[in-house]
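An overview of the molecular structure
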Amino acid sequence: MKKVTIDPITRLEGHGKIEIFLDDKGNVANAYLQIPELRGFEKFCEGRPVEEVPRIVPRICGV
Amino acid sequence: MAKLKLALYWAAGCGGCDVAVLDVNEKILDIANLADIVLWPIALDFKYKDVKAMEDKSIDLCLLNGAIRNSEQEEIAKMLRAKSKVLVAFGSCACFGGIPALANFSNRSEIFQRVYVEAPSSDNANGRFPQTSTKVEEGELELPEFYDTVSALHQVVSVEYFVPGCPPPVDLILKFVDLLATGQLPPPGTVLGSDKTLCDECQRKKGEKKISRIYRPHEIIPVPEQCLLEQGLICMGPATRGGCGQKCINANMPCRGCFGPPAGVPDQGVKMLSALASIYNAKDEGEIAKMVEEVVDPAGTFYRFGMSTSMLKRKRL
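A brief structural summary. (Residues numbered from 1 in each chain as written. Chains lettered and ligands numbered in written order. Predicted model: local features only at pLDDT ≥ 70, side-chain atom pairs only at ≥ 80, totals over all residues.)

Here's the deal with the overall build of chain A
For clarity, the cut-off: By definition, any uninterrupted DSSP run of H or I lasting at least four residues is a helix, any uninterrupted run of E lasting at least two residues is a strand, and each is numbered from the N terminus. Just to be clear, the radius of gyration here is over C-alpha atoms, and the globule rule we use is 2.2 Å times residues to the power 0.38. Burial is judged by counting other C-beta atoms within 10 Å of a residue's own C-beta: 20 or more means buried, 12 or fewer means exposed, and anything between counts as partly exposed, with every C-beta placed from the backbone.
Looking only at helices and strands, chain A features 2 helices and 3 strands. Helices (α) and strands (β) of chain A occur, in sequence order from the N terminus, as β-β-β-α-α. Computed over C-alpha atoms, the radius of gyration of chain A comes to 18 Å, more than 25% over the 11 Å expected from 2.2 N^0.38 for 63 residues, which places it beyond the range of a compact globule. In terms of overall dimensions, chain A has a C-alpha envelope of 60 × 20 × 10 Å along the principal axes. Residues classed as buried in chain A amount to 19% of the 63 residues present.

A look at the nonpolar core
The condition is simple: A set of buried residues qualifies as a nonpolar core if it consists of Ala, Val, Leu, Ile, Met, Phe, Trp, Tyr and Cys joined through C-beta atoms within 7 Å. Working definition of a contact: two residues with C-beta atoms, positioned from the backbone, lying within 7 Å.
Membership of the largest hydrophobic core comes to 80 residues, with the highest contact counts inside it found for Tyr9(B), Cys62(B), Leu64(B), Val88(B) and Ala89(B). If we skip the residues at most four places from it in the chain, Ala89(B) touches Leu64(B), Ala94(B), Cys95(B), Ala152(B), Leu153(B), His154(B), Val159(B) and Phe162(B).

Comments concerning the environment of Val159(B)
All names here are of chain B. Within the secondary structure, Val-159 sits in the loop between strand S8 (146–151) and strand S9 (161–163). Sequence separation between Val-159 and Leu-8 is 151 residues, and the spatial gap between their C-alpha atoms is 14 Å. Once residues within four sequence positions are removed from consideration, Val-159 is found in contact with Leu-87, Ala-89, Leu-153 and His-154.

Here we look at the interface of chain B and chain A
So the rule is basically this: Each residue gets one of three labels, nonpolar for Ala, Val, Leu, Ile, Met, Phe, Trp, Tyr, Cys and Pro, charged for Asp, Glu, Lys and Arg, and polar for the others, Gly among them.
Opposite the 40 residues of chain B that make contact, chain A presents 31 residues. Of all the elements, helix H6 (residues 108–118) of chain B adds the most residues to the side of chain B that touches chain A, at 4 residues. Residues of the side of chain B that touches chain A, tallied by class, amount to 23 nonpolar, 7 polar and 10 charged.

Observations regarding the environment of His218(B)
Residue and element names in this part refer to chain B. Mapped onto the elements, His-218 comes out in the loop between helix H8 (198–201) and helix H9 (247–250). Looking at His-218, the number of C-beta atoms within 10 Å reads 9, which means it is exposed. Between the C-alpha atom of His-218 and that of Glu-208, which follows or precedes it by 10 residues, the distance is 24 Å.

Observations regarding the sheet that holds strand S3 (residues 59–65) of chain B
Residue and element names in this part refer to chain B. Test applied: Strands qualify as paired when DSSP identifies two bridges or more between them. Interaxial angles span 0 to 180 degrees and are taken between N-to-C directions of axes, which are lines fitted to C-alpha atoms, for helices over the stretch in contact.
Pairing is parallel in the open sheet, where 5 strands are placed in the order S2-S1-S3-S5-S9. The open sheet has two edge strands with one neighbour each: strand S2 (35–39) and S9. Strand-to-strand twist across the sheet, computed as the mean angle between neighbouring axes with direction ignored, equals 25 degrees. For strand S5 (residues 84–90) and S9, the ladder comprises 3 bridges, and the chain directions are parallel.

Here it is, written out as structure tokens:
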């Protein structure tokens, strides 16, 4: 099956790629959006003093 | 003169460094006169394959922000290194690991477990985690490998210059562009910023530094003109490079060290510990122990932006 890859997705905050699979007639059989990105704020904010969190989480997205 | 070719890329970052480039406002027109942009995912639609097709060393300048957190980021850093004459670690994540490197107190399996299983917003009863390769009906899907350890850019590829800051301040960005435009770039390895510490540049009144307890920010209203450290607030000024413009200090908030260690200091956290120890006004070991307890999160505070380049680098695996 033919595969069209759009990598990276641009003009947005964050990382993403799209994989489009085409059937024999060239029609879209299926498409997948993938996010090849994780930093893990959910984990590394644990144990930080609560008053420091407002200085950490703005770095989730700075756009 | 032919226009320069400029690439901007984000690895494990937040996009704040990219926006900082736009924060130069109308000066962006000067940058546009000076250079054609060949990659900038936040703003322009160039693909990785476009860069891959370019000849080695055909990009004059690459500003790379974000830390190296997964295999894709490492591969693209290596590709941009090969294609670029000058590669700049742009912002605290690329320079020192930054906020994403706080994850070095943890590891991949702990992070996956928390994010994809335990997080209240996750519906994942089967405990499925992202895989580097997944077979689907139509073929195969690939994701980068998520590393246990977050690295700074120069720990993965060679880097010519370091522009620190979370994000880098506009005047520093413009200074770098000016040095580039006039052919006056400093020797490779230079960290842009001041050679002094933030303390040396700070305008707050300084007296005798002796503290008998540490305050958390909600426990005290600091006197605006006086040194924050003297008032018992942990301020990373003695252990941090100057040149940031002191936005935090001017907002009555203590420094958290985003400019990294000053020149000649190999480890920011050790430098800060040493500074704190020298101002502790403790009479006996009991008082010392009490004050040490008052520092709630020493590693996460003293290495807030610098775990990757610290001597610790990470928690033992």
